[in-house]
Amino acid sequence: MNGWISVRVAERREEAEGIVGLVLAPLPGASLPPYEPGAHIDLKMPNGMIRQYSLCGQVGDTMVYELGILLETAGRGGSRQVHEEVKVGDVLEISAPRNLFALVPGEPALLFAGGIGITPIIAMADHLARSGTPYALHYCARTHARIAFRERIAHSHAPHHVHYHFDDVPQTRLDMARVLAEAEPQAHLYACGPAGFMDFVIGAARAAGWPEARLHVEHFSAPEVQDPGDAFEIEIAGTGQIVPVASGQSAATALAEAGIEVPLSCEQGICGTCLTTVLAGVPDHRDMYLSAAEQAANDCFTPCCSRARTPRLVIEI
Ligand code: FES
């Protein structure tokens, strides 16, 4: 990706059990692009790995970005690098903010955070509180020790706006049916958290008849797609080389086997590192990176996970 922004780690703190908070500042004389609640950035790790993290600081602050990073022991090492190696004074590279999880302005909001999913949600809650928009925050965590931003929440949000739910305290169980029934009319629902949590929250809302237009989600990883997809061909514009992609094989893998390397990072349609221009044919978009409008334009696709709806895609490498 072009346009990386160098930032300095101005502060590092233990936000909660297993969660490190990083405060990133621009280099001297620079500032950071503004962003809206729900936005995320790509963070390039010291070893070159790229990971996406939501911005959880104060929206409008162009001198500081804040991140909350959970140590994911089963992950591929991105969060471990941050937890074990990143220290105050380090210079890291980040992308400009990107927002696929924006608030609908002025509409009441029902916010659901599961674990580290609090990071975009806290920025949304702060914004809603400041703008006087009706909202409720439901924060689910395994234990009290894993709650991040506790002081900030207590300071910025009246207690009746905030509801904690702990796995180890049965009486705090999240009663989705009741919460949904008591929501403001026309409220929009925003959820961020692990896959099981998202399925639970969104499934309950759909079962209660909430329309899709009022459901907004931020994924940590792309949902698993069972359909291996049909075989298709990729034509390389300029050379005319044809690369067959078998059913169940990723386009990126097929290209690599044909000697055409596409840069990869997340390999699950989240980061956009592999984004490739499409000149002809219709992609079968399976990523979580492009917005609905960008997918509909059909002029690019993510070969790490996306496929083709037409027998051939012509791409520009
Ligand atoms: S490698 Fe991240 S979207 Fe393809």
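Residues numbered from 1 in each chain as written. Predicted model: local features only at pLDDT ≥ 70, side-chain atom pairs only at ≥ 80, totals over all residues. Heavy atoms only, no water.

**Observations concerning the sheet that holds strand S4 (residues 50-54)**
Within a sheet, adjacent strands bond to each other through the backbone by hydrogen bonds, running parallel or antiparallel. As summarised here, the arrangement of the 6 strands in space is S4-S3-S6-S1-S2-S5, forming an open sheet in which the pairing is antiparallel. The outermost strands of the open sheet, each flanked by one partner alone, are S4 and strand S5 (65-70). Strand after strand, the sheet turns through a mean of 45° between neighbouring axes, direction not considered. Bridge analysis of strand S3 (residues 40-44) against strand S6 (residues 91-94) gives 2 bridges, and the strand direction is antiparallel. Its bridge partner being in S6, Lys44 is matched across the sheet by Glu93. (Pairing = 2+ DSSP bridges. Helix = DSSP H or I, 4+ residues; strand = E, 2+ residues; numbered from the N terminus. Axes fitted to C-alpha atoms, helices over the stretch in contact; angles between N-to-C directions.)

**A word on the nonpolar core**
Grouped together as the largest cluster of nonpolar side chains are 29 residues, with contacts concentrated most on Leu111, Ile118, Ile121 and Tyr190. Elements that contribute at least two residues to this core include exactly strand S7 (109-114), helix H2 (118-131), strand S8 (135-141), strand S9 (162-166) and strand S10 (188-192). For this core, the element with the most residues is H2, which contributes 6 residues. Both of domain 1 (5-94) and domain 2 (109-218) provide at least three residues apiece to this core. In contact with Tyr190, other than residues within four places in its own chain, are Phe101, Ala102, Leu103, Val104, Ala109, Leu110, Leu111, Phe112, Ile121, Met124 and His216. Listed in part, the 23 residues of the second largest apolar core include Ile5, Leu22, Leu43 and Tyr53. (Core = buried A, V, L, I, M, F, W, Y, C linked by side-chain atoms within 4.5 Å. Buried < 20%, exposed > 50% of the residue type's maximum accessible area, 1.4 Å probe, protein only. Domains from an automatic or database assignment. Contact = heavy atoms within 4.5 Å.)

**What about the domain arrangement of the protein chain?**
Split by domain assignment, the protein chain resolves into domain 1 (5-94), domain 2 (109-218) and domain 3 (232-316). For domain 1 and domain 2, the distance between their C-alpha centroids amounts to 23 Å. Facing 17 residues of domain 1, the contacting portion of domain 2 comprises 16 residues. For the pair domain 1 and domain 2, the summed buried surface comes to about 1500 Å²; carbon and sulfur atoms form 54% of the total. Taken together, domain 1 and domain 2 are joined by 1 salt bridge. (Buried area = accessible area lost by both parts, 1.4 Å probe. Salt bridge = Lys/Arg side-chain N within 4 Å of Asp/Glu carboxyl O.)

**Topic: the environment of Ala297**
In this structure, Ala297 sits in helix H7 (residues 292-297). Along the sequence, Ala297 and Pro283 sit 14 residues apart, while their C-alpha atoms lie 9.9 Å from each other.

**Considerations on H2**
Because each turn of an α-helix spans 3.6 residues, side chains separated by three or four positions in sequence point in the same direction. Its 14 residues give H2 an end-to-end C-alpha distance of 19 Å, which sits within 8% of 20 Å, the value for a rise of 1.5 Å per residue. Burial of H2 is extensive: 10 of the 14 residues sit out of reach of the surface. Among the residues making up H2, those that are buried are Ile118, Thr119, Pro120, Ile121, Ile122, Ala123, Met124, Ala125, Asp126 and Leu128. On its buried face, H2 sits against S4, S5, S7, S8, helix H3 (150-156) and S10. Of the residues trailing H2, Gly132 is marked for its positive phi of about 75°. (Expected span 1.5 Å × (residues − 1).)

**A closer look at the pairing of S3**
Burial of S3 is extensive: 4 of the 5 residues sit out of reach of the surface. In the sheet, S3 pairs with S4 via 5 bridges, with the strands oriented antiparallel. Within S4, the position partnered with Ile41 by the bridge is Tyr53. What sits between S3 and S4 in their antiparallel hairpin is a turn of 5 residues, with Gly48 showing a positive phi close to 95°.

**Digging into unusual backbone geometry**
The phi dihedral of Phe149 falls on the positive side, at around 60°, and the residue is not glycine. Counting through the fold element by element, Phe149 comes out in the loop between S8 and H3. Its relative accessible area of 5% is what places Phe149 among the buried residues. The phi dihedral of Gln186 is positive, around 70°, even though this residue is not glycine. By secondary structure assignment, the location of Gln186 is in the loop between helix H4 (176-181) and S10.

**Regarding the pattern of salt bridges**
Pairing between side chains of opposite charge can happen when their charged atoms approach one another. Per the counting criterion, the structure on display carries 18 salt bridges. Among the salt bridges present, the one from Asp126 reaches Arg152, with a minimum N-O distance of 2.9 Å. Here Arg152 lies in helix H3 and Asp126 lies in helix H2, a separation of 26 residues in the sequence. Note on Asp126: relative accessible area 3%, which makes it buried. Taking the relative accessible area as the measure of exposure, Arg152 reaches 16% and is therefore buried. Glu233 is the salt-bridge partner of Arg312, the closest N and O atoms lying 2.8 Å from each other. Here Glu233 lies in strand S12 (residues 232-236) and Arg312 lies in strand S18 (residues 312-316), a separation of 79 residues in the sequence. Given a relative accessible area of 33%, Arg312 falls into the partly exposed group. Relative accessible area serves as the criterion here: at 30%, Glu233 is assigned to the partly exposed category. A single network of salt bridges, built from pairs that share partners, joins Glu11, Arg13, Glu15 and Glu66.

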